[in-house]
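Residue strings, one per chain:
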Amino acid sequence: MAAEAYPGAQEFLPRQRDPTHLRRAAAQCRGCDLYRSATQVVFGNGPTPAELMLVGEQPGDSEDREGEPFVGPAGELLSQALENVGIDREQVYVTNAVKHFKWEARGKRRIHKKPSLREVRACTPWLSAELEVVQPRLLVCLGVTAATAVFGKTVRLKDYRGLFTRSALGPLAFVTTHPSALLRMRGRDGWEQEHRRFLTELKTVKAKLTA
Ligand code: URA
Ligand code: SF4
């Protein structure tokens, strides 16, 4: 397939831009090939509007089965971290840059595969539509894939991490690490330091919201 062959999500967007119509339309999206091997679309979830919107990479194995974002192990780490810094997850709109799970089989397990830039681009119309209905004051990118979607170009985490930057999609964006990257470090050297840094960054976000 040629590099430009993905139609992208744009043509699947509904005329009515409210959460219910968006969610229903996303379930029919064929904007790239990822829908083929995923169980279901995993659309964003949370109140609309919301002051804070969190953007992850793409659903994982648990999210693909349950149809909701950040409900697996990475989601658990995220929920605990939010609670730790005093951010109520119920008040936050949580979504992903890419709405279908990309994976490869390893034995009986489905191993997460990083989405390509083309897939991120194909899926960005959903993120833009979510921004229209969520109208967040602040957008937090969890990891480099989210930052790539939000800034509309390939970025390096270290250039953006810990900073508030005006995003291509509109609102002020803050970049931190991905909870799955933290999970992979658990029990290894540097884990505590990285985890503490994540909490410190979430505290910065909390402070910005209450400023
Ligand atoms: N990782 C993500 O980026 N998003 C999820 O929803 C779950 C794990
Ligand atoms: Fe559509 Fe995004 Fe799913 Fe691709 S990953 S089919 S663009 S919803």
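Residues numbered from 1 in each chain as written. Chains lettered and ligands numbered in written order. Predicted model: local features only at pLDDT ≥ 70, side-chain atom pairs only at ≥ 80, totals over all residues. Heavy atoms only, no water.

So, helix H4 (residues 117-134)
Defined as follows: Strands here mean DSSP runs of E at least two residues long; helices mean DSSP runs of H or I at least four residues long; both are numbered from the N terminus. In this scheme, a helix's expected span is set at 1.5 Å multiplied by one less than its residue total. We define the bend at any residue as the angle between the axes fitted to the seven residues before and including it, ending there, and the seven starting there. Relative accessibility decides the category of a residue: with a 1.4 Å probe and only protein chains considered, values under 20% of the type maximum give buried, values over 50% give exposed, and everything between is partly exposed.
Spanning 18 residues, H4 covers 24 Å between terminal C-alpha atoms, matching the ideal 26 Å at 1.5 Å per step. By the largest-angle criterion, Cys123 marks the main kink of H4, which is about 40°, and a proline, Pro125, follows within four residues. With 13 of 18 residues buried, H4 lies mostly within the body of the structure. Just past H4, the residue Gln135 takes up positive phi, approximately 50°.

Examining the pairing of strand S4 (residues 109-112)
The test is simple: Here, any two strands with at least 2 DSSP bridges between them count as paired.
Inspection of the sheet shows strand S3 (residues 103-106) paired to S4 by four bridges, in the antiparallel sense. In the strand pairing of S4, Ala105 is matched with Arg110. What sits between the antiparallel neighbours S3 and S4 is a turn of two residues, in which Gly107 has the positive phi angle 65°.

Notes on the packing of helix H1 (residues 19-26) against H4
Any two packed helices are characterised by how steeply their axes cross, that is the angle between the axes, and by the distance between the axes. Heads up, the rule is: Simply put, an axis is a line fit to the C-alpha atoms, just over the touching stretch for a helix, and the angle between two N-to-C directions goes from 0 to 180 degrees. Any angle between 65 and 115 degrees counts as roughly perpendicular, while under 35 counts as roughly parallel, over 145 as roughly antiparallel, and the rest as oblique. By the definition used in this description, the sense in which the near helix is turned from the far one sets the handedness, with an anticlockwise turn below a right angle giving left-handed and a clockwise turn giving right-handed. The contact criterion used is simple: two residues touch if any of their non-hydrogen atoms lie within 4.5 Å. Each residue receives one of three labels: charged for Asp, Glu, Lys and Arg, nonpolar for Ala, Val, Leu, Ile, Met, Phe, Trp, Tyr, Cys and Pro, and polar for the others, Gly being one of them.
Interhelical geometry of H1 versus H4 gives an angle of 165° and a closest axis separation of 10 Å. What the angle tells us is that H1 and H4 run roughly antiparallel. The element H1 and its partner H4 pack so that their crossing is left-handed. Taken together, the residues of H4 that come into contact with H1 (itself represented by Pro19, Leu22, Ala25 and Ala26) are Trp126, Ala129, Glu130 and Val133. Class assignment of the residues belonging to the contact of H1 with H4 gives a composition of seven nonpolar, no polar and one charged.

Some points on helix H8 (residues 191-210)
Defined as follows: Picture the helix axis, draw a direction to every C-beta atom, and the arc is the one those directions span.
Taking 1.5 Å of rise per residue, the 20 residues of H8 would be expected to cover 28 Å, and the 29 Å separating its terminal C-alpha atoms lies within 8% of that figure. When we look at burial in H8, the residues that qualify are Trp191, Glu194, Phe198, Leu199, Glu201, Leu202, Val205 and Leu209. The buried residues of H8 occupy one face: seen down the axis, they fall within an arc of 160°. Residues of H8 that are exposed and point more than 90 degrees away from the buried face comprise Glu192, Gln193, Arg196 and Thr210.

A closer look at the site of ligand 2
So the rule is basically this: We call a residue near a molecule or strand as soon as one heavy atom of that residue lies within 4 Å of the molecule or strand.
In the vicinity of ligand 2, the contacting residues are Cys29, Gly31, Cys32, Tyr35, Val98, Lys99, His100, Ala122, Cys123 and Trp126. Class assignment of the residues belonging to the shell around ligand 2 gives a composition of seven nonpolar, two polar and one charged.

Quick look at the pairing of strand S2 (residues 93-96)
Here S2 shows a buried face lined by Tyr93 and Thr95 and a second buried face lined by Val94 and Asn96. Both strand S1 (residues 52-56) and S2 contribute to a ladder of four bridges, which runs parallel. Pairing of Met53 across the sheet is with Tyr93, part of S2.

Quick notes on the sheet that holds strand S5 (residues 138-142)
Pairing between sheet strands relies on hydrogen bonds along the backbone, with the strands arranged either parallel or antiparallel. Read from one edge to the other, the open sheet built from five strands follows the order S2-S1-S5-S7-S6, with strand pairing classed as mixed. Bordering the open sheet on either side are S2 and strand S6 (164-166), each of which pairs with just one other strand. Across this sheet, the average inter-strand angle for adjacent strands is 30°, counted without regard to direction. Helix H5 (residues 144-151) rests against S1, S5, S6 and strand S7 (172-176) of the sheet, and its axis sits at about 135° to S5.

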